[in-house]
Amino acid sequence: MTMKTPLLASLAALLATLAVPVHAEKSAGDRVDDGTIAATIKASLLDNRSTSSTQINVESYQGTVQLSGFVESQAEKEVAGKIASQTEGVQKVVNSLSIAPRTSIGTKLDDSLTTGRVKAALMDAADVKSLQINVETKNGVAQLAGFVTSNAMKERAGKIAAGVSGVKQVENVLVVKP
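Conventions adopted
Residues numbered from 1 in each chain as written. Predicted model: local features only at pLDDT ≥ 70, side-chain atom pairs only at ≥ 80, totals over all residues. Heavy atoms only, no water. Buried < 20%, exposed > 50% of the residue type's maximum accessible area, 1.4 Å probe, protein only. Helix = DSSP H or I, 4+ residues; strand = E, 2+ residues; numbered from the N terminus. Pairing = 2+ DSSP bridges. Lys, Arg positive; Asp, Glu negative; His and termini not counted. Salt bridge = Lys/Arg side-chain N within 4 Å of Asp/Glu carboxyl O. Contact = heavy atoms within 4.5 Å.

(A) Quick peek at the pairing of strand β5 (residues 133–138). For β5, the tally of buried residues reaches five of six residues, placing the bulk of the element in the interior. Note that β5 and strand β6 (residues 141–148) share six bridges and pair antiparallel. Of the residues in β6, the one forming a bridge with Glu 136 is Gln 143. Hairpin connection of β5 to β6: two residues between the antiparallel strands, including Asn 139 at a positive phi of 55°.

Printed below as a string of structure tokens:
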């Protein structure tokens, strides 16, 4: 048992609670199951020394899990995918993790501002459900991830992000719900 175990339990409970409102159109059972799946994966990533869990986003929809964000190596991406696929209730893993080297503090600040601008632009668009979209930026590359209701919404979100100041490239890995 590692020193992180009490923190993991608290984090898992928090993540399960936060995951519920994002998917309001699902039944109560689906929300709990998906929230539990996402929280379990996040806790497992946090407990694994081979993954930088704070850089990995986990979304779950009807047993399909998407991993997104930026990691430093292919090995880290593969370990995260393996952890997700071995979690009870997971039927499919969409591993959208991107590999990017560490950045300087200045670049991190620029990326944080860019992420904020992209999120604000998505929130301003009435035809995009921005609360269902995770935005991460690294070295000017804005990654859009999560589950959306249509290809049109996915494309619209990508176009909006591409038009934001500071975005050098958009990596649109949004998954259209089945």
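(B) Examining the side chain of Lys 138 more closely. Among the secondary structure elements, Lys 138 is positioned in strand β5. No salt bridge is formed by the buried Lys 138, whose closest oppositely charged neighbour, Glu 72, lies at an N-O distance of 5.4 Å. Once residues within four sequence positions are removed from consideration, Lys 138 is found in contact with Phe 70, Ala 100, Pro 101, Arg 102, Thr 103 and Asp 111.

(C) Layout of the pattern of salt bridges. Inspection of every chain in the model, using the stated rule, returns two salt bridges. Across the salt bridge formed by Glu 72 and Arg 102, the nearest N and O atoms sit 2.9 Å from each other. Of the two residues, Glu 72 is situated in the loop between β2 (64–71) and α3 (74–85) and Arg 102 in the loop between β4 (98–99) and α4 (105–124); the sequence distance between them amounts to 30 residues. For Arg 102, a relative accessible area of 68% puts it in the exposed group. A salt bridge links Asp 127 to Arg 156; the nearest nitrogen and oxygen atoms lie 2.9 Å apart. With Asp 127 in the loop between α4 and β5 and Arg 156 in helix α5 (residues 151–162), the pair connects residues that are 29 residues apart, well separated along the chain. Residue classification places Arg 156 among the partly exposed positions, given a relative accessible area of 36%.

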